[in-house]
Amino acid sequence: MPSPAKPPVSETHPAPPAPNLVRSWYARWLLRILAVLALCLGLAGVFIPGLPTTVFILIAGWAAMRSSPRMHAWLWNHRLFGPMLQNWAAGGFVSRRAKRSATAMMVICAIILWLTPTPMWVRGSACGCMAGVLVWLWQRPEPR
């Protein structure tokens, strides 16, 4: 019996990398739970300032690739999450739009921290962490 024909890979949706499934069933389930949890946190990060979206989507993609080929293919071809995963897989690229969005959210969070009655050590450590992430983020290459 002939195998079903695969649809051609388009430029907008390149084929996802081959899944590297974990062998044990319980590790696959733990990774699947991690993928769903990270995806939920990534979705929440779209609406909650200070909660990163990209990082959680990358974690969800990593965990899904090792636990669920179907979930990984869905993430890879998703209109919002797919470009993040594809850019990262192509060489650790982060789009300028994602960099600007992350910068704006971190600035808003820093302003809120400094306008609320929080301990000075919380303000300093949170702003220091955000500054470190921004330095790392802006050093990432951008896709062409």
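Refer to the preceding data block for the structure.
Residues numbered from 1 in each chain as written. Predicted model: local features only at pLDDT ≥ 70, side-chain atom pairs only at ≥ 80, totals over all residues. Heavy atoms only, no water.

Undergrad: Describe the overall build of the protein chain, naming the residues involved and giving the relevant values.
TA: The helix and strand inventory of the protein chain stands at six helices and zero strands. The helix and strand sequence of the protein chain, counted from the amino end, reads α-α-α-α-α-α. A buried classification covers 27% of the 144 residues belonging to the protein chain. Approximately 9900 Å² of the protein chain is accessible, and the part contributed by carbon and sulfur atoms is 70%. (Helix = DSSP H or I, 4+ residues; strand = E, 2+ residues; numbered from the N terminus. Buried < 20%, exposed > 50% of the residue type's maximum accessible area, 1.4 Å probe, protein only. Areas by Shrake-Rupley, 256 points an atom, 1.4 Å probe, with all protein chains shown as cover.)

Undergrad: Could you give an account of the packing of aromatic side chains, naming the residues involved and the relevant values?
TA: Summed over the entire model, instances satisfying the criterion amount to two aromatic pairs. With a centroid separation of 5.9 Å and 90° between ring planes, the pair formed by Trp25 and Tyr26 is classed as edge-to-face. Taken individually, Trp25 and Tyr26 each receive the classification exposed, so the pair is uniform in this respect. Consider the rings of Trp88 and Trp136, whose centres lie 6.2 Å apart with planes at 45°: the pair is tilted. Taken together, the residues Trp88 in helix 4 (residues 82-89) and Trp136 in helix 6 (residues 120-139) connect sequence positions 48 residues apart. For Trp136, a relative accessible area of 42% translates into the label partly exposed. The cationic tip of Arg32 hangs over the ring face of Trp29; the distance from NZ or CZ to the ring centre is 4.7 Å. (Phe/Tyr/Trp six-rings, centres within 6.5 Å; stacked < 30°, edge-to-face > 60°. Lys NZ or Arg CZ within 6 Å of the ring centre and 35° of its normal.)

Undergrad: So, the nonpolar core: which residues are in play, and what are the values?
TA: Residues Leu39, Leu75 and Leu85 are the most contacted members of the largest nonpolar core, which totals 14 residues. No other element matches the five residues that helix 2 (residues 54-67) contributes to this core. Sequence-distant contacts of Leu75, that is, excluding residues within four places in its chain, are made with Leu39, Ala60, Gly61, Ala64, Phe81, Gly82 and Leu85. (Core = buried A, V, L, I, M, F, W, Y, C linked by side-chain atoms within 4.5 Å. Contact = heavy atoms within 4.5 Å.)

Undergrad: Explain helix 2 to me, and be specific about the residues and the numbers.
TA: Given 3.6 residues per helical turn, the α-helix brings residues three or four places apart onto the same face. Here helix 2 spans 20 Å end to end across 14 residues, near enough to the 20 Å set by a 1.5 Å rise per residue. By the criterion of burial, helix 2 is predominantly enclosed, with 10 of the 14 residues buried. All buried positions along helix 2 are accounted for by Phe56, Ile57, Leu58, Ala60, Gly61, Ala63, Ala64, Met65, Arg66 and Ser67. The elements touched by buried residues of helix 2 are helix 1 (25-47), helix 3 (69-77) and helix 4. (Expected span 1.5 Å × (residues − 1).)

Undergrad: So what's going on with the layout of surface pockets? Which residues, and what values?
TA: Empty space within the largest pocket amounts to approximately 1100 Å³. Thr53, Thr54, Ala98, Ser101 and Ala102 are the residues nearest the centre of the largest pocket, which is lined by 34 residues in total. At the level of elements, helix 1, helix 2, helix 4, helix 5 (96-115) and helix 6 are the ones that each hand at least two residues to the lining of the largest pocket. Ranked by residue count, the leading element in the lining of the largest pocket is helix 5, at eight residues. Its residues assigned to classes, the lining of the largest pocket comprises 25 nonpolar, seven polar and two charged. (1 Å grid on protein atoms, 1.4 Å probe; cavity = no way out; pocket = protein on both sides within 12 Å on 5 of 7 lines; lining within 4 Å. Points joined across faces, edges and corners; volume = space filled by probe spheres on them. Nonpolar A, V, L, I, M, F, W, Y, C, P; charged D, E, K, R; others polar.)

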